[in-house]
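Here's the letter readout for the chains.
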Amino acid sequence: MSNHYIQVAIPVPMRQLFTYLVPEQLQSPAIVVGERVVVPFGARKVIGIVMGTDAHSDVDQKKLKNIESRLNDSFHLSQSLVDYLQLCAHYYHHPVGDVFQQALPVLLRKIEKVTLTPPMVWQTSDFEDVDNTNDTINKLKSKAIKQFNLYQIIKQHSGISWAELRTLGYNKAQLNALHSKALIEEVEQTTQAFTWQDSFLNQQDKLQLSTEQAIIVTAIEQSLNSFSCHLVDGVTGSGKTEVYLQAMETVLAQSQQVLVIVPEIGLTPQTLSRFEQRFNVPVALHHSGLNDTERLNTWLTAQQGNAAIIIGTRSAIFSPLHNLGLIIVDEEHDSSLKQQDSFRYHGRDMAILRARQLNIPIVLGSATPSFETLQNALSGKYNYHQLLKRAGNSSKAKIALIDMNHQQVEFGLSGTLKHEITQTLSRGEQVLLFLNRRGYAPAINCKECHWIADCQRCDKPYTLHQKQQLLICHHCGSQKRIPPQCPSCGSVRIVPLGQGTEQLENRLDELFPDASIVRIDRDSTRKKGELAKLLQEVSDKKHQLLVGTQMLAKGHHFPDVTLVAVLDVDGALFSFDFRASEQMAQLLIQVAGRAGRASKPGKVLVQTNFVDHPLLQDLVHNGYHHFAHQALTERKQALLPPFSYQALIRAEANYPSYPEKFLRGLTMQPLVSCEFAGPVPAAMEKKAGKFRYHLIIQAKTRKHLHGAIQQLLMQIPQSEWLNKVRWSLDVDPIDL
Ligand code: ADP
Ligand code: ZN
Ligand code: ZN
């Protein structure tokens, strides 16, 4: 007897599965868990994933609908992936259909049948005339070094995709040039599962491990094929990546796959090329710079096991994997690993969940571990490995504070800093100026009456973008022209207030006319490939002064930068969010880590109006770990995470009273071993025209938190305010 009934996960905001009937003509071959089916839902047809099959059902037959069709393609999800995604949905109490939806590549969410053209890769051509070819290649070496390098990479690998080459910083013109010289050709990618060969390791690239590193690699190797979590805690340049590479080697040599999760910005040519240089194995990439077809290819090559290494941003954790042996999460503290809308999951935490499910080890790496991870390491729950020395003998950058109260300040730069910049430039070295505020100025105001141009939808000032001649609200994205005169008093003396990166770039141009300046922020890198291009220019020393936001603090290493300055750190010192100081400390240490190398140690200057602030003092004099221990002690006393567990219910509506009443209603029934905090207005109470309130649920154990959320999710549909508000649930929130 075949299965007549199936339970299906459907992309709707309901926390349940739906039962459908499988009509006779669709029953063979037998339907299996993980299949994609087309089902009617209301007036629509949607793609669902089969979660369970039954021969019998208690539901009244007449109430059930038939499935529309089965998608008989090769894109089934394995039972293991289905189980995992259900665990994720359960952990976050998120609608299971939506979890599946987000885990699938866009092309697999569509009803149209996917016609898959086989993934293509580049390889070097077989040459008939070897002498002639060698000539051509030698010419490239002297005349077109980029083409030469590109050729070498293609030669090293047996088939490399355009997506990878692009991520490495090469462009179509360079590729076409090699193609037209008949040096390379495009072929279909093999679909065979990868099996290790000794030639896959580039032996010359391998470094002799320090004792510290060797101990870590051995510990990871000894834990293969069972679950364990390793924290590799070491500053930038301490040799973490080399540890990853050698641990990966052991796993790859068993013909198992490795999944590497990085923050969006961490996926730079530098990171990728380290992996590419070491291993001549097929790599699948997963990041926002890929198109839908490329993403589907990644999915497929990971599933078939053709890809040996899968490198990607947070959602890569949902990839189907043929034979995974190790997960690495680099920069595990990075907040971009957490998705901040709809399905609010943390890539690191879901990576740990997956490693546990698959019974394999996971390695977390950071110079500034999150307090959650650090606590788990200190308590012995994770294996704690510290890399205390910088590898290759490079020395650690020193951090010093500049007291802005006793300085002549011009364009946000203190006299001390200007002097240091001049000195550094005169030595032919590079300078990085860090200002976490993009745009020209964070506000404009009227000189006469002090009117400020506010976004009506957010009650916050518009940011001036001079180049575009626009006012842009950084909270809701709304745009406006710059008013020719003050709407309040009619004066034409409307001036920028404060400084953003765009303005800083202009000012530096005036102050240091001989230096070339490059700005790296979200505005200057909007175009695809632009970030890689600018970073390349920096490493080619085309620019001496680098100006940037948070983007510059992450993932990149600039060996010729010997001076880093943080222009304004004060905002983070007085925040109501208990995580603000943790994030500030991480940012400062990360920025400091960008600079210097063995022969040229770096210097870090931090401008502040509050030099005596205890957090700053502690961080500067005693370092991140001392600071973190202090802060963890405080959190323990206050019973804040990681010593308790939180969930956050956000609610918003067009009127301020609705979300507040909705949330207050939820607090009427007491919870078991949990406490409510709030409801309180969100830090930005008004955003994009909506009023926003928060309710925090705090518990001593995760089990109690789960129980409380379950109770609240049953209560919510009963609320009389339900139709008037939009609400969402955030388990383990990281911003309040
Ligand atoms: P991290 O990932 O912590 O920033 P890396 O692994 O990139 O550190 O190492 C930093 C630098 O030190 C790199 O240039 C790397 O080649 C070098 N390095 C790492 N380990 C060793 C080692 N065992 N011996 C010599 N140099 C090393
Ligand atoms: Zn005015
Ligand atoms: Zn706005």
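Residues numbered from 1 in each chain as written. Chains lettered and ligands numbered in written order. Predicted model: local features only at pLDDT ≥ 70, side-chain atom pairs only at ≥ 80, totals over all residues.

Engineer: Would you mind going over the sheet that holds strand β10 (residues 283–286) with me for this structure?
Structural biologist: In a beta sheet, neighbouring strands pair by backbone hydrogen bonds and run either parallel or antiparallel. Read across the sheet, seven strands follow the order β10-β11-β9-β12-β13-β8-β14 without closing on themselves; strand pairing throughout is parallel. Pairing within the sheet leaves two strands with one partner each, and these edge strands are β10 and β14 (383–387). Pairwise comparison of adjacent strand axes, ignoring direction, gives a mean angle of 15° for this sheet. Relative to strand β12 (residues 324–330), strand β9 (residues 257–261) runs parallel, the two sharing five bridges. Pairing of L259 across the sheet is with I327, part of β12. Contacts from helix α8 (residues 240–252) reach β8 (228–234), β9, β12, β13 (361–366) and β14 within the one sheet, and its direction differs from that of β12 by about 170°. Contacting β10 and β11 (309–312), helix α10 (residues 292–304) crosses the sheet at an angle of about 135° to β10. (Pairing = 2+ DSSP bridges. Helix = DSSP H or I, 4+ residues; strand = E, 2+ residues; numbered from the N terminus. Axes fitted to C-alpha atoms, helices over the stretch in contact; angles between N-to-C directions. Contact = placed C-beta atoms within 7 Å.)

Engineer: Help me out: how do you make sense of the UniProt feature "binding site: Zn(2+) 2" (unreviewed entry) in the protein in this one?
Structural biologist: The UniProt record annotates "binding site: Zn(2+) 2" (unreviewed entry) at C455, C458, C473 and C476. Maximum C-alpha separation among the annotated residues is 8.7 Å over a sequence range of 22 residues, consistent with a single clustered spot. With respect to the element layout, C458 can be found in the loop between β20 (454–455) and β21 (460–461). Beyond its immediate chain neighbours, meaning those up to four positions away, C458 contacts C473, H475, C476, M684, K686, K687 and A688. If you trace the backbone, C473 turns up in the loop between β23 (470–472) and β24 (479–481). Judged by local crowding, C473 falls into the buried class, with 21 C-beta atoms found within 10 Å. Apart from the residues within four sequence positions on either side, C473 is in contact with C455, C458, K460, Y462 and S478. (UniProt positions renumbered as here; feature names shortened; annotations may be inferred. Buried ≥ 20, exposed ≤ 12 C-beta atoms within 10 Å, placed from the backbone.)

Engineer: How should the sheet that holds strand β32 (residues 690–699) be read in this particular structure?
Structural biologist: Judged by pairing direction, the sheet is antiparallel, and its four strands sit side by side in the order β31-β32-β30-β33 without closing on themselves. Taken across any chain shown, the strands that pair with only one partner, and hence form the sheet edges, are β31 (674–687) and β33 (726–731). In this sheet, neighbouring strand axes are inclined to one another by 20° on average, regardless of whether the strands run parallel or antiparallel. Where strand β30 (residues 645–653) meets β33, six bridges bridge the pair, whose relative direction is antiparallel. Across the sheet, I649 pairs through a bridge with L729, a residue of β33.

Engineer: I'm lost on the pairing of β8 in this one. Help?
Structural biologist: Burial within β8 is extensive, with six of its seven residues counted as buried. In terms of strand pairing, β8 meets β13 through six bridges, oriented parallel. Paired with L231 across the strands is L364, a residue of β13. In terms of strand pairing, β8 meets β14 through five bridges, oriented parallel. Paired with D233 across the strands is Q386, a residue of β14.

Engineer: It is not clear to me how unusual backbone geometry should be interpreted in this structure. Could you clarify?
Structural biologist: A negative phi holds for most residues other than glycine; trans holds for most peptide bonds. Of note, the bond from S28 into P29 is cis; its omega dihedral lies within 30 degrees of zero at -5°. The topology assignment puts P29 in the loop between β2 (18–21) and β3 (36–41). With an omega of 5°, the peptide bond running from P641 to P642 counts as cis. Assignment of secondary structure puts P642 in the loop between α17 (614–638) and β30. Notably, H450 is not glycine yet its phi reads approximately 65°, a positive angle. Residue placement: H450 occurs in the loop between β19 (443–446) and β20. On the basis of neighbour count, H450 is assigned to the exposed category, with 11 C-beta atoms found within 10 Å. Unusually for a residue other than glycine, S673 sits at a positive phi of about 55°. One can find S673 in the loop between α18 (657–666) and β31. Its 12 C-beta neighbours within 10 Å are what place S673 among the exposed residues.

Engineer: Would you take a moment to explain the packing of helix α7 (residues 211–222) against α8 for this structure?
Structural biologist: A pair of packed helices is characterised by two quantities: the angle between their axes and the separation of those axes. At a minimum axis separation of 9 Å, α7 and α8 run at an interaxial angle of 35°. Of the two possible hands of crossing, α7 and α8 adopt the one that is right-handed. For the pair α7 and α8, contact is made by Q213, I216, V217, I220 and E221 and by E242, V243, Q246, A247 and T250, respectively. Grouping the constituent residues of the contact of α7 with α8 by class yields five nonpolar, three polar and two charged. (Left-handed = near helix turned anticlockwise from the far one by under 90°. Nonpolar A, V, L, I, M, F, W, Y, C, P; charged D, E, K, R; others polar.)

Engineer: What should I look at first to understand helix α1 (residues 79–92) in this one?
Structural biologist: Think of an α-helix as 3.6 residues a turn; residues three or four steps apart then line up on the same face. The terminal C-alpha atoms of α1 lie 20 Å apart, and with 14 residues this matches the ideal 20 Å at 1.5 Å per residue to within 8%. Among the residues making up α1, those that are buried are L81, V82, Y84, L85, C88, A89 and Y92. For α1, the buried positions fall inside an angular range of 165° around the axis, keeping them on one side. Against β4 (44–54), α2 (96–103), α11 (347–358) and β33 lie the buried residues of α1. H93 lies just past α1 and shows a positive phi near 50°. (Expected span 1.5 Å × (residues − 1). Arc of directions from axis to C-beta.)

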